[in-house]
Amino acid sequence: MTVTQTEQATENETAESAAFGRLVAIDPLDFDPDGGTEKLVVVDPYNHRKKREEGDTTEPDPALIASVEEVGVQQAIILRPQEGERDGQLGIVIGQRRTLAAYRVAKAAAEEGREYRKIPAIIRDDLRGVDDEALTVSMVENLHRRQASAQDDVDAAEQLALMVKAKKVPKARKRSLAAAIGRTEEELDAAHKVAQMAPETLEELRDGEIEFDWVELGDYDEVKDVPNAQVTLMRAKAKDEQEGNTKRGAWKTAMQELRAKKVRTERIETLRAELAEKKVPTVHWVWNWAYSTARPLEELVSKIGMPMSEQGHGETCEGHAATIDPDAAEVVWLCVDWKKHGHRIAGAAQDDDSGEPGEEEAAKIEAAREERRRVKVNNLAWRTARAGREAHIADMCKDKGEAPADIKELIMRTLLVSDGHYVHYVGSQEHGAMLAKFLGDERLTRQPKDVIASLIKKTANKRYWWVLFAHVAGYYEAEHMKDDAWRGEPHYHYGPSVRGRIRPATAEWITFLKRHGYGVTEVEAETVATAEQEAEAAAERMAEQERQREEREAARAAQKAESPAPDEGGEGDDDMDEEYEEPAGAVENADPENETDAGAGDPAEGDQEDGEQE
């Protein structure tokens, strides 16, 4: 039999139709997620991602729903005719998540009276009753999806990064593009970071079922080699979600600490290389030197009680060595066996052959060591927190909307009170530096008149408050968040070694920023807690002093009431009988601690005192 070209073409079209199916448009509301028999479309029993008792793995994430809402389902789903009790229905072989996302979008649109898009679908009649092939098709599709997902993310990020960087995408289009792919504008800005990530890193996160968005992925890639970075960031993300912090406060704080830890690690490696190059013997760091034969030089003296220096000890003692403090990332010089080489512990009695201090003196030395370490670690943590805190303030100053009421109140209170600290700040060089930092204009560092005039002219009315906020924030950062502010106010007479209470303004500022999305660090949280305890203790002392004063006045009044009235002719004895009254203020100043606590009940008064002291 001879087959014509026309007949051959018809047979080919029929074969292709059977193999590739027929394209139709499906109404999303014709889908039944629960698999009933009333709707046209259901999940095929042999779908690889079918919901099972152990858990639903087919739920569409918010990104997919956002994408479907913006541009609809772009990739056709695969359906096959059902048999048996479901005869006449179509089962989803591929595309269950897309269909469910479209169903939810359409349902919400229908309830609000809006239009919605249909789903492109391919009906595979050739898979009717062929369950094994249907399952195979579903499995292959999902396996290929998982294998390609990491590289797909990298490729997509790279393309978007090029578009965003070239600024060829208008702002409105950028928002639409972000929504279409289930991302945010912030994620698009971070796309270039994701584009540089190794697919293996993305796969590792996916295998661990760790869901980071593109901003978080870019950040994680920066610190992934820092120990416990993944766990630290997961906890920070969970904290932000729990607190509803849309500004990623805890995440940004965690990143700042991880970056600092990374810098310290790199610094430690550099120090080790330098010591090795100089052929200096090194030993492992010991947290409690009391249980080691080695001892830092700062705790040792010579036989005649002279302090020991790194240079002198290195030239005269065979036990000279070094170690590296992992928290401070600095070299600590020591003697590996101080007893063997004839050294003594500072504070040991000269007539004691052991060279060790007594029990009481040893306790003081240990306490002093712990205090030095605490100060060193907290100073480092406080300085580390500053970078993240100032970055958060700079982000706040970019806000183009109306400033909240508490920001306006803070600005007015600061400008109208103008205490000693404020006057000092306005006259300092830090004023211009802080403005430049928070407003992103280096020209403001020296505050030339033309730059200030330009700033005022180009600032919209709604932005005025944010410019003033940058000014006030600079005041708080410069005056009340100094390197050692967590320790309390240094004594104006005895110097920084004697500390008073933590400034109320310090705790007030940290708490204020926390309300506006800042992720407070551990040392900042401890500072606020300590300030609150000190304020409560001061209030209790003042209340007790007031109670004692009232008791004394009541006793004097009772005594005067019980005294007999003076004789009419004895007016000359009034001065002798009159009760002696203490000078004003004697009771309040009787407490030696009261001078330090004066004004504790009013933060503004306390700050004024501090300004006068300085």
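All values reported here derive from a predicted model rather than from experimental measurement.

Enquirer: Quick one: what's the story with the side chain of Thr-527, residue by residue and with numbers?
Expert: Here Thr-527 lies in helix H20 (residues 522–562). Those residues in contact with Thr-527 that lie beyond four places of it in its chain are Trp-382, Trp-486, Ile-502 and Thr-506.

Enquirer: Can you lay out the sheet that holds strand S3 (residues 77–81) for me, pointing to particular residues and giving the numbers?
Expert: Pairing is mixed across the open sheet formed by five strands, whose spatial order is S1-S5-S3-S4-S2. Either end of the sheet is taken by a strand with one partner, and the two such strands are strand S1 (22–26) and strand S2 (41–43). Each adjacent strand pair in this sheet contributes to an overall mean axis angle of 45 degrees, direction not counted. By the bridge criterion, three bridges tie S2 to strand S4 (residues 90–94) in an arrangement that is parallel. Considered in S4, the bridge of Val-42 is made with Gly-91. Most of the contacts of helix H3 (residues 96–111) go to S4, to which it runs at about 120 degrees, and overall it touches S2, S3, S4 and strand S5 (119–123).

Enquirer: Give a detailed account of the pairing of S3, specifying residues and quantitative values.
Expert: Summarising burial for S3: five of the five residues are buried, a large majority. Because side chains alternate across S3, one face comprises the buried residues Ile-77, Leu-79 and Pro-81, and the other comprises Ile-78 and Arg-80, equally buried. When S3 meets S5, the two strands line up parallel, connected through three bridges. Residue pairing for S5: Ile-77 is matched across the bridge by Ala-121. Direction of pairing for S3 relative to S4: antiparallel, over a ladder of four bridges. Residue pairing for S4: Ile-78 is matched across the bridge by Ile-94.

Enquirer: Describe the nonpolar core, listing the residues and the values that go with them.
Expert: Counting residues in hydrophobic clusters, the biggest one holds 42 residues, and the most contacted among them are Ile-393, Ile-407, Phe-469 and Trp-509. Listing elements by their share of this core, those giving two or more residues are helix H13 (359–397), helix H14 (405–417), helix H15 (420–426), helix H16 (430–439), helix H17 (449–458), helix H18 (464–480), helix H19 (504–515) and H20. Residue contributions to this core peak at nine residues, all from H18. Contact partners of Ile-393, with chain neighbours within four places excluded, come to Phe-438, Phe-469, Ala-473, Glu-477, Trp-509 and Leu-513. In terms of nonpolar packing, the next biggest core, distinct from the first, is built from 22 residues, Leu-188, Trp-214, Val-223 and Ala-250 among them.

Enquirer: Describe the environment of Arg-124, naming the residues involved and giving the relevant values.
Expert: Tracing the sequence through the fold places Arg-124 in the loop between S5 and helix H4 (131–165). A polar atom in the side chain of Arg-124 sits 2.8 Å from the side chain of Asp-126.

Enquirer: So what's going on with the pattern of salt bridges? Which residues, and what values?
Expert: Tallied over the full model, the rule gives 41 salt bridges. With its nearest N and O atoms 3.9 Å apart, the salt bridge here joins Asp-219 to Arg-259. Residue Asp-219 is located in helix H9 (residues 214–223), and its partner Arg-259 is located in helix H11 (residues 249–277); the two are separated by 40 residues in the primary sequence. Across the pair Arg-272 and Glu-269 runs a salt bridge, and its minimum N-O distance is 3.2 Å. Taken together, the positions of Arg-272 and Glu-269, both in helix H11 and three residues apart, correspond to about one turn of that helix. A relative accessible area of 44% means that Glu-269 is categorised as partly exposed.

Enquirer: Run through the packing of aromatic side chains, naming residues and quoting values.
Expert: Geometrically, a pair of aromatic rings is defined through the distance of the ring centres and the angle of the planes. Per the counting criterion, the structure on display carries 13 aromatic pairs. A centroid spacing of 6.0 Å and a plane angle of 85 degrees characterise the contact between Phe-31 and Tyr-103, whose relative ring orientation is edge-to-face. Linking Phe-31 in the loop between S1 and S2 with Tyr-103 in helix H3, this pair joins segments that are 72 residues apart in sequence. Grouping residues by exposure puts Phe-31 and Tyr-103 together as buried. Taking 6.3 Å as the distance between ring centres and 40 degrees as the angle between the ring planes, the aromatic pair formed by Phe-469 and Phe-512 counts as tilted.

Enquirer: How would you sum up unusual backbone geometry? Please name residues and give values.
Expert: The phi dihedral of Asn-228 is positive, around 65 degrees, even though this residue is not glycine. Here Asn-228 is to be found in the loop between H9 and helix H10 (229–243). The exposure class assigned to Asn-228 is exposed, which follows from its relative accessible area of 57%. With phi around 60 degrees, Lys-279 is a residue other than glycine that occupies positive phi space. On the secondary structure map, Lys-279 appears in the loop between H11 and strand S6 (295–296). When its relative accessible area of 74% is taken as the criterion, Lys-279 is described as exposed.

Enquirer: Run through the sheet that holds strand S8 (residues 320–325), naming residues and quoting values.
Expert: Strand order in the open sheet made by the three strands is S6-S9-S8, with antiparallel pairing throughout. In this open sheet, the two strands that pair with only one neighbour each are S6 and S8. Pairing geometry for S6 and strand S9 (residues 330–335), over two bridges, is antiparallel. Within the sheet, the bridge partner assigned to Pro-296 lies in S9 and is Leu-334. Where H11 meets the sheet, its contacts fall on S8 and S9, and the angle it forms with S8 comes to roughly 170 degrees.

Enquirer: How would you explain the environment of Ala-387 if you had to name every residue and give the values?
Expert: Position of Ala-387 relative to the elements: it lies in helix H13. We classify Ala-387 as partly exposed; its relative accessible area is 38%. The spacing of Ala-387 and Thr-253 is 134 residues in sequence and 9.4 Å in space, taken between C-alpha atoms.

Enquirer: Lay out the confidence of the model for the chain with the relevant residues and their values.
Expert: Confidence in the prediction of the chain, expressed as mean pLDDT, is 81, and 78% of residues score 70 or more. Across residues 1–17, where pLDDT falls below 50, the model places three contacts with residues more than four positions away in sequence or in other chains. In the predicted structure, residues 51–56 sits below a pLDDT of 50 and forms three contacts with residues beyond four places in sequence or in another chain.

Enquirer: Run through H11, naming residues and quoting values.
Expert: Look at H11: 42 Å from first C-alpha to last across 29 residues, which is about the 42 Å you get at 1.5 Å a residue. Once H11 ends, the next one or two residues include Lys-279, with phi positive near 60 degrees.

Enquirer: Describe the packing of H13 against H20, and please don't skip the residues or the numbers.
Expert: Direction vectors running N to C along H13 and H20 enclose 105 degrees, while the axes themselves pass 8 Å from each other. With respect to H20, the axis of H13 lies roughly perpendicular. Judged by residue contacts, Asn-378, Ala-381, Trp-382, Ala-385 and Arg-389 of H13 engage Val-523, Glu-524 and Thr-527 from H20. For the contact of H13 with H20, a count of residues per class yields four nonpolar, two polar and two charged.

Cut-offs and rules
- Residues numbered from 1 in each chain as written.
- Predicted model: local features only at pLDDT ≥ 70, side-chain atom pairs only at ≥ 80, totals over all residues.
- Heavy atoms only, no water.
- Helix = DSSP H or I, 4+ residues; strand = E, 2+ residues; numbered from the N terminus.
- Contact = heavy atoms within 4.5 Å.
- Pairing = 2+ DSSP bridges.
- Axes fitted to C-alpha atoms, helices over the stretch in contact; angles between N-to-C directions.
- Buried < 20%, exposed > 50% of the residue type's maximum accessible area, 1.4 Å probe, protein only.
- Core = buried A, V, L, I, M, F, W, Y, C linked by side-chain atoms within 4.5 Å.
- Polar contact = N/O pair within 3.5 Å; in protein donor to acceptor, adjacent residues only side chain to side chain.
- Salt bridge = Lys/Arg side-chain N within 4 Å of Asp/Glu carboxyl O.
- Phe/Tyr/Trp six-rings, centres within 6.5 Å; stacked < 30°, edge-to-face > 60°.
- pLDDT = per-residue confidence, 0-100.
- Expected span 1.5 Å × (residues − 1).
- Parallel < 35°, antiparallel > 145°, perpendicular 65-115°, else oblique.
- Nonpolar A, V, L, I, M, F, W, Y, C, P; charged D, E, K, R; others polar.

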